[in-house]
Amino acid sequence: MAGVSSEVPLWGATDTVTVSPSKVETVTTCALRWAFEAAGGTKPDATHQTLGTLLHSIAQTHPKGSLTDLKQELDRRWPELALPDGWPSLQLRKRAERMVERLADYLGDAGEPLLVEADFDLRVGRARLRGQVDRVEDAGDGSVTVADLKTGKTAASKDKAAENPQLGAYQLAVEEGALDLPDGTVSKGASLVYVGTETVSAGVRNQPALAPDENGGSWARDTVEGAADTMAAASFAARNNDLCEMCVVRRSCPLQPEGRKVVE
Ligand code: SF4
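**Some points on the domain arrangement of the protein chain**
Part 1 of the reasoning: Domain boundaries in the protein chain define domain 1 (17–27 + 112–243) and domain 2 (47–109).
Part 2 of the reasoning: Each of domain 1 and domain 2 was reduced to a C-alpha centroid, and the two centroids are 24 Å apart.
Part 3 of the reasoning: Of the residues lining the interface, twelve residues belong to domain 1; the matching set on domain 2 comes to 13 residues.
Part 4 of the reasoning: Elements that contribute at least two residues to the side of domain 1 that touches domain 2 include exactly strand S2 (113–124) and strand S3 (127–140).
Part 5 of the reasoning: The greatest single-element share of the side of domain 1 that touches domain 2, amounting to three residues, is contributed by S2.
Part 6 of the reasoning: A class-by-class count of the residues in the side of domain 1 that touches domain 2 yields six nonpolar, three polar and three charged.

What follows is the structure, encoded as structure tokens:
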């Protein structure tokens, strides 16, 4: 094997590290996967990801949409996917219709949407946290909840959702006043809303409000700052986790049989 080509950190000790909420989650779950993906180790968008983008766009256009509104919008925009004729496309269309039904089910009971697809950009220690929230909903008394729409086929457990770094980053953005909301707005919690799982209605996994710690910070702030430090490091640890089975860089991962040749 060749020797290590560099032991220099990716960022200098005082550099600002730009972090997105989804990257906070990836880095926290497995730093090696983040490093490989950041260096180009990703697959091109698959059709199901394109469908996810379409669903997000429909939800953005109709934040209070009824099932009829959402189905009409799906009809109107379906040609955008430019799918060939055949049963795979028919299957995908059926899946899209079920997703729209679950989305309508969620929107029927959801709080008043105050913001949709809202951008934010704030400093958290050495991190520049930038991202976009799917929905911010009115929770009364100057408080809001954040909803993150998920179109994948599997849902996180309740325990995992309660400490989900992406939701934590969104709540931090609300608490720090980084969204276009009245001064003093507080976050009352956040939710992962699953519309792509095989359930009758949308699956909702909640995260409680961020409780301040003794220093006035929160676990979410610590997680974002920790992710920036991990991304700026000179080495990246592989960490076995629930998503290893689906990891796109597992053939380069020393923890996996197919990737062990990288270090042996
Ligand atoms: S297979 Fe698992 S441990 Fe290895 S890089 Fe991927 S996520 Fe990390």
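**Some thoughts on the environment of Asp 105**
Part 1 of the reasoning: Here Asp 105 is to be found in helix H5 (residues 87–109).
Part 2 of the reasoning: For Asp 105, a count of 16 C-beta atoms within 10 Å puts it in the partly exposed group.
Part 3 of the reasoning: Sequence separation of Asp 105 and Ala 13 is 92 residues, and the distance between their C-alpha atoms is 48 Å.
Part 4 of the reasoning: Asp 105 has contacts with Ser 201 and Ala 202, leaving out every residue within four places of it along the chain.

**Some details on the site of the ligand**
Part 1 of the reasoning: By nearness alone, 15 residues border the ligand, and Cys 30, Cys 244, Cys 247, Arg 250 and Cys 253 come closest of all.
Part 2 of the reasoning: Classifying every residue of the shell around the ligand gives nine nonpolar, three polar and three charged.

**Topic: the nonpolar core**
Part 1 of the reasoning: If you look at the biggest cluster of nonpolar residues, it comprises 59 residues, and the most contacted ones within it are Leu 103, Val 146, Ala 173, Leu 179, Val 195 and Val 224.
Part 2 of the reasoning: Top element by residues in this core is H5. It accounts for seven residues.
Part 3 of the reasoning: Residue contributions to this core reach at least three from each of two domains, namely domain 1 (17–27 + 112–243) and domain 2 (47–109).
Part 4 of the reasoning: With residues near it in sequence (within four places) discarded, Val 146 still touches Val 133, Val 136, Leu 167, Tyr 170, Gln 171, Val 174, Ser 187 and Ala 190.

**Things to note about helix H8 (residues 219–231)**
Part 1 of the reasoning: Here H8 contains 13 residues, and its C-alpha end-to-end distance of 18 Å stays within 8% of the 18 Å for a straight helix at 1.5 Å per residue.
Part 2 of the reasoning: What H8 keeps buried is the set Ala 220, Arg 221, Thr 223, Val 224, Ala 227, Ala 228 and Met 231. Buried positions in H8, seen along its axis, are confined to an arc of 165° and lie on one side of it.
Part 3 of the reasoning: Elements in contact with the buried residues of H8: strand S1 (17–19), helix H1 (21–29), helix H2 (31–38), S2, S3 and helix H7 (165–175).

**Side note on unusual backbone geometry**
Part 1 of the reasoning: Of note, Ala 82 is a non-glycine position whose phi angle comes to about 50°, a positive value.
Part 2 of the reasoning: Within the secondary structure, Ala 82 sits in the loop between helix H4 (67–77) and H5.
Part 3 of the reasoning: Ala 82 gets classed as exposed once you count the C-beta atoms within 10 Å, which come to 8.
Part 4 of the reasoning: Phi is positive for Glu 117, which is not a glycine, with a value near 45°.

**A look at H5**
Part 1 of the reasoning: For H5, which comprises 23 residues, the first-to-last C-alpha distance of 34 Å matches the rise-based estimate of 33 Å (1.5 Å per residue) to within 8%.
Part 2 of the reasoning: Considered for burial, the residues of H5 that qualify are Ala 96, Met 99, Val 100, Arg 102, Leu 103, Ala 104, Tyr 106 and Leu 107.

**Things to note about the packing of H1 against H7**
In helix packing, the relevant descriptors are the interaxial angle and the interaxial distance, both defined with respect to the helix axes.
Part 1 of the reasoning: In contact at an axis separation of 7 Å, H1 and H7 are set at 140° when each is read in the N-to-C sense. One element, H1, and the other, H7, form an angle in the oblique class. As for the relative orientation of H1 and H7, their crossing is right-handed in sense. Packed against H1, whose contacting residues are Pro 21, Ser 22, Val 24, Glu 25 and Thr 28, the element H7 presents Pro 165, Gln 166, Ala 169 and Tyr 170 at the interface.
Part 2 of the reasoning: Looking at the contact of H1 with H7 residue by residue, the classes come out as five nonpolar, three polar and one charged.

Conventions we followed
- Residues numbered from 1 in each chain as written.
- Predicted model: local features only at pLDDT ≥ 70, side-chain atom pairs only at ≥ 80, totals over all residues.
- Domains from an automatic or database assignment.
- Contact = placed C-beta atoms within 7 Å.
- Helix = DSSP H or I, 4+ residues; strand = E, 2+ residues; numbered from the N terminus.
- Nonpolar A, V, L, I, M, F, W, Y, C, P; charged D, E, K, R; others polar.
- Buried ≥ 20, exposed ≤ 12 C-beta atoms within 10 Å, placed from the backbone.
- Near = placed C-beta within 6 Å.
- Core = buried A, V, L, I, M, F, W, Y, C linked by C-beta atoms within 7 Å.
- Expected span 1.5 Å × (residues − 1).
- Arc of directions from axis to C-beta.
- Axes fitted to C-alpha atoms, helices over the stretch in contact; angles between N-to-C directions.
- Parallel < 35°, antiparallel > 145°, perpendicular 65-115°, else oblique.
- Left-handed = near helix turned anticlockwise from the far one by under 90°.

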